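An overview of the molecular structure
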Amino acid sequence: AIPVILDVDTGVDDALAILFAVAHPGLDVLGISCVAGNASLERVVENTLRILDVAGAPDIPVAAGARRPLLEPARSASHVHGEGGLGTLRLPPSDRRARDVSSIELMRTLIEASPHPVTLVALAPQTNLALLLRQYPDLTSNIERIVFMGGSASVGNATAVAEFNVWHDPEAAAIVLDSGIPTFMYGLDVFNQVGIAEPAASALATGSSELGRVVGSLLTNRIVLGADRTSEYSGLIGDAGAVCALVDPGALRTEMRPVRIQLSGYGRGQTLVDLRRHPGEDIVHGLAEEWETVEVALDVDAPRYARLFLATLGLG
Ligand code: BDR
Ligand code: CA
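These notes cover the structure that comes with them. None of these values were measured; they are calculated from a predicted model.

Scoring rules and cut-offs
- Residues numbered from 1 in each chain as written.
- Chains lettered and ligands numbered in written order.
- Predicted model: local features only at pLDDT ≥ 70, side-chain atom pairs only at ≥ 80, totals over all residues.
- Near = placed C-beta within 6 Å.
- Helix = DSSP H or I, 4+ residues; strand = E, 2+ residues; numbered from the N terminus.
- Nonpolar A, V, L, I, M, F, W, Y, C, P; charged D, E, K, R; others polar.
- Buried ≥ 20, exposed ≤ 12 C-beta atoms within 10 Å, placed from the backbone.
- Contact = placed C-beta atoms within 7 Å.
- Axes fitted to C-alpha atoms, helices over the stretch in contact; angles between N-to-C directions.
- Parallel < 35°, antiparallel > 145°, perpendicular 65-115°, else oblique.
- Core = buried A, V, L, I, M, F, W, Y, C linked by C-beta atoms within 7 Å.
- Pairing = 2+ DSSP bridges.
- Left-handed = near helix turned anticlockwise from the far one by under 90°.
- Expected span 1.5 Å × (residues − 1).

Observations concerning the site of ligand 1
Within the structure, ligand 1 sits among 15 residues, and G11, D13, E163, F164 and D239 are positioned closest to it. When residues of the shell around ligand 1 are traced back to their parent elements, those giving at least two are α1 (12-23) and α6 (164-168). Among the residues forming the shell around ligand 1, the class breakdown is six nonpolar, five polar and four charged.

Here we look at the environment of F309
Counting through the fold element by element, F309 comes out in helix α12 (residues 302-312). F309 gets classed as buried once you count the C-beta atoms within 10 Å, which come to 27. Considering only alpha carbons, one finds F309 and G195, 114 residues apart in sequence, at a separation of 9.5 Å. For F309, the contacting residues outside a window of four places in its chain are F20, I237, A240 and C244.

What about the packing of α1 against helix α11 (residues 239-247)?
Packed helices, taken two at a time, are described by the angle between their axes plus the distance between the axes. Where α1 meets α11, the closest approach of the two axes is 6 Å, and the angle between their N-to-C directions is 30°. When the axes of α1 and α11 are compared, the pair comes out roughly parallel. From α1, D13, D14, L16, A17, F20 and A21 reach across to α11, where they touch D239, A240, A242 and V243. Of the residues assigned to the contact of α1 with α11, the class counts are seven nonpolar, no polar and three charged.

Overview of unusual backbone geometry
That bond from T10 to G11 is cis: its omega, -10°, falls within 30 degrees of zero. Mapped onto the fold, G11 is located in the loop between β1 (2-8) and α1. The linkage connecting E198 with the following residue, P199, adopts the cis geometry, with an omega of 10°.

Concerning the nonpolar core
Counting 104 residues, the largest nonpolar core has I18, L19, V121 and Y186 as the members making the most contacts within it. With nine residues, α1 is the single largest residue contributor to this core. When neighbours within four sequence positions are excluded, V121 is seen to be in contact with V4, I5, L6, D7, V147, A242, V243 and L246.

Some details on the sheet that holds strand β5 (residues 143-149)
Strand order in the open sheet made by the nine strands is β3-β2-β1-β4-β5-β6-β9-β7-β8, with mixed pairing throughout. Pairing within the sheet leaves two strands with one partner each, and these edge strands are β3 (62-64) and β8 (271-273). With direction set aside, neighbouring strand axes in the sheet form an average angle of 30°. Direction of pairing for β1 relative to strand β4 (residues 118-122): parallel, over a ladder of four bridges. Bridging across to β4, L6 finds its partner in V121.

A short note on the packing of α1 against helix α2 (residues 41-55)
At a closest axis distance of 10 Å, the pairing of α1 and α2 adopts a crossing angle of 40°. Between α1 and α2, the crossing angle belongs to the class labelled oblique. By crossing handedness, the relation of α1 to α2 is classed as right-handed. Of the residues in α2, those in contact with A15, I18, L19, V22 and A23 of α1 are N47, T48, I51, L52, V54 and A55. Grouping the constituent residues of the contact of α1 with α2 by class yields nine nonpolar, two polar and no charged.

Examining the environment of R43
Within the secondary structure, R43 is located in helix α2. Separated by 32 residues in the primary sequence, R43 and G11 place their C-alpha atoms 9.0 Å from one another. Not counting residues up to four positions away in its chain, the partners in contact with R43 are G84 and G85.

Re α1
When the terminal C-alpha atoms of α1 are compared, their 17 Å separation across 12 residues agrees well with the 16 Å that a helix rising 1.5 Å per residue should span. Counted residue by residue, α1 has 11 buried out of 12 residues, so it is predominantly covered. For α1, the set of buried residues is V12, D13, D14, A15, L16, A17, I18, L19, F20, A21 and V22.

Notes on α2
It helps to recall that an α-helix has 3.6 residues per turn; residues three or four apart then point in one direction. Here α2 spans 21 Å end to end across 15 residues, near enough to the 21 Å set by a 1.5 Å rise per residue. The buried count for α2 comes to 12 of 15 residues, which makes it a mostly enclosed element. For α2, the full list of buried residues reads R43, V44, V45, E46, N47, T48, L49, R50, I51, L52, V54 and A55. If you follow the buried residues of α2, they end up packed against β1, α1, β2 (27-34), β3 and α10 (210-220). With its phi angle positive at about 60°, G56 sits one or two positions after the end of α2.

Put into structure tokens, the structure is as follows:
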């Protein structure tokens, strides 16, 4: 199994991703690192512990990391994930506790102790990862790669051009891209495609399986934008798709592309992806060193990931 550490801001679709990752036999979830993003750090930690209860997972260590981005204050995403972070889903409090070390220290310990290089799976603003890599640069030798949900080669969501996770902490994302570790971008180009269509999602929400009801609630209750506006995320498995990418990369079309992160102006938080046939051939030269080569997912066999997701959870 692939040893992974999840970095999450649970979060409706982070919850789906955790359930999937824990259930998949091809993944060994060494630990979960929490960061402020979709909800406050305290909520993210509590939601993560509760979701591990739902998953019936053995004692996977959880720790809290950064409560705000490197430069800016944390900004609420309650309009997307609800005040508590899990939409309208209510789960009982957990007996589990977060470790009393920061998630930076938890990740360091897990990476150092792993006999095989670890894959970091970032499903949230990358503040924790940036802090980890800045503080312990030598860890890179035991990090296989960083798979992140974030960015876009096309449309944004936090702004017209910027995806939420990168937009929430653009400096952190830039540090991660610049780390020299191989990176894999599962951005909105694919994220926005993979979902469980109605009426299947509602059937889960009202069905007899307890896990199915949780998954169905997360899929269908996501985001109350008002009576006249359904969410653009309704039904999406979201972050869980980035975890599917680990175990079924064949469903994706990916390309090695130069990527850079905009840090200023309206485009702050945008991932610029050079999609030209001959990337890097600027008429005005001199900026080449600011681009990093990233494996970018550009298209996905969405029904295949939807089936994988449901089958792995025993709901297919
Ligand atoms: C990302 O932002 C959050 O709302 C989701 O959990 C996902 O990680 C999508 O832009
Ligand atoms: Ca997330």
